[in-house]
Amino acid sequence: RGVSLRGETLRWGVSDDREALLMMSFGILMIFAAGTAFTPAGLAGLPAQRTAARHASARAGVFDFLAFGKAGASHILVSDNARAQRIKAQIEAGQVNFADAAREFSTCPSGAKGGDLGTFGPGQMVGAFNDYCFDPDTVVGELGLVKTKFGSHVIKLTKKP
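First, a word on what this report is: a plain description of the structure on this page. (Residues numbered from 1 in each chain as written. Predicted model: local features only at pLDDT ≥ 70, side-chain atom pairs only at ≥ 80, totals over all residues. Heavy atoms only, no water.)

The next subject is the packing of aromatic side chains. Using the criterion set out here, one finds 2 aromatic pairs in the structure. Aromatic pair Phe120 and Phe129: ring centres 6.3 Å apart, planes at 55°, arrangement tilted. Taking the relative accessible area as the measure of exposure, Phe120 reaches 3% and is therefore buried. Aromatic pair Phe120 and Phe134: ring centres 6.1 Å apart, planes at 75°, arrangement edge-to-face. Highlighted residues: Phe120 in strand S2 (residues 116-120) and Phe134 in the loop between helix H6 (127-133) and strand S3 (143-148), separated in sequence by 14 residues. Three or more aromatic residues joined by ring pairs make a cluster, and in this case those are Phe120, Phe129 and Phe134. (Phe/Tyr/Trp six-rings, centres within 6.5 Å; stacked < 30°, edge-to-face > 60°. Buried < 20%, exposed > 50% of the residue type's maximum accessible area, 1.4 Å probe, protein only. Helix = DSSP H or I, 4+ residues; strand = E, 2+ residues; numbered from the N terminus.)

Right, dumping it as structure tokens:
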């Protein structure tokens, strides 16, 4: 017989509706957790290197479904593009890591947190910054340069929407 939530003893020996609901919720959570081990690339057999970068966010945390449709990024805000390019080159050459560079060079308060902006929805950031983060061709983990009214940003996308 099927599962009934009318106070009867259920198939798994659960006798309370709240307990049954809790068990089902836990089961759904476990499905999300297990699902993060699989990337769309692995299932489709696409070239691993390019796909791993594009779908790095597919291996994110168990609770990332709460930020569905949102992007995540870290940035370093400086006054001019030449300085942003120098900082980006230093990070790519391995002379400094992104978080340390943000703490040292960024004029944004997020610099104290290594440049981490957390997650945000479409339209929550200034135009060019928003466009970069929500562009389907932007790769998670790669560095990009964007100029806005606030200055020049070295951006590292940390989560795809």
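Given a rise of 1.5 Å per residue, 12 residues ought to cover 16 Å, and the 16 Å separating the end C-alpha atoms of helix H4 (residues 81-92) matches this to within 8%. Every buried residue of H4 is listed here: Ala84, Ile87, Lys88 and Ile91. Viewed end-on, H4 has its buried residues packed into an arc of 100°, placing them on one side of the element. In this structure, the buried side of H4 is in contact with strand S1 (71-78), helix H5 (98-105), S3 and strand S4 (151-159). Sitting at the amino-terminal end of H4 is Asp80, which places a side-chain oxygen 3.3 Å from the backbone nitrogen of Ala82. The positive-phi residue at the C-terminal boundary of H4 is Gly94, with phi of around 80°. (Expected span 1.5 Å × (residues − 1). Arc of directions from axis to C-beta. Contact = heavy atoms within 4.5 Å. Polar contact = N/O pair within 3.5 Å; in protein donor to acceptor, adjacent residues only side chain to side chain.)

Moving on to the nonpolar core. Counting 12 residues, the largest nonpolar core consists of Ile76, Val78, Ala84, Ile87, Ile91, Val96, Phe98, Ala101, Ala102, Phe105, Leu143 and Val154. Of all the secondary structure elements, the ones that give two or more residues to this core are S1, H4 and H5. Sort the elements by how many residues they give to this core and H5 lands first, with 4 residues. Discounting chain neighbours no more than four positions away, the residues touching Ala101 are Ile76, Ile87, Ile91, Val96 and Ser106. Counting residues in each nonpolar core, the second largest holds 10 residues, with Ala73, Tyr132, Ile155 and Leu157 among its members. (Core = buried A, V, L, I, M, F, W, Y, C linked by side-chain atoms within 4.5 Å.)

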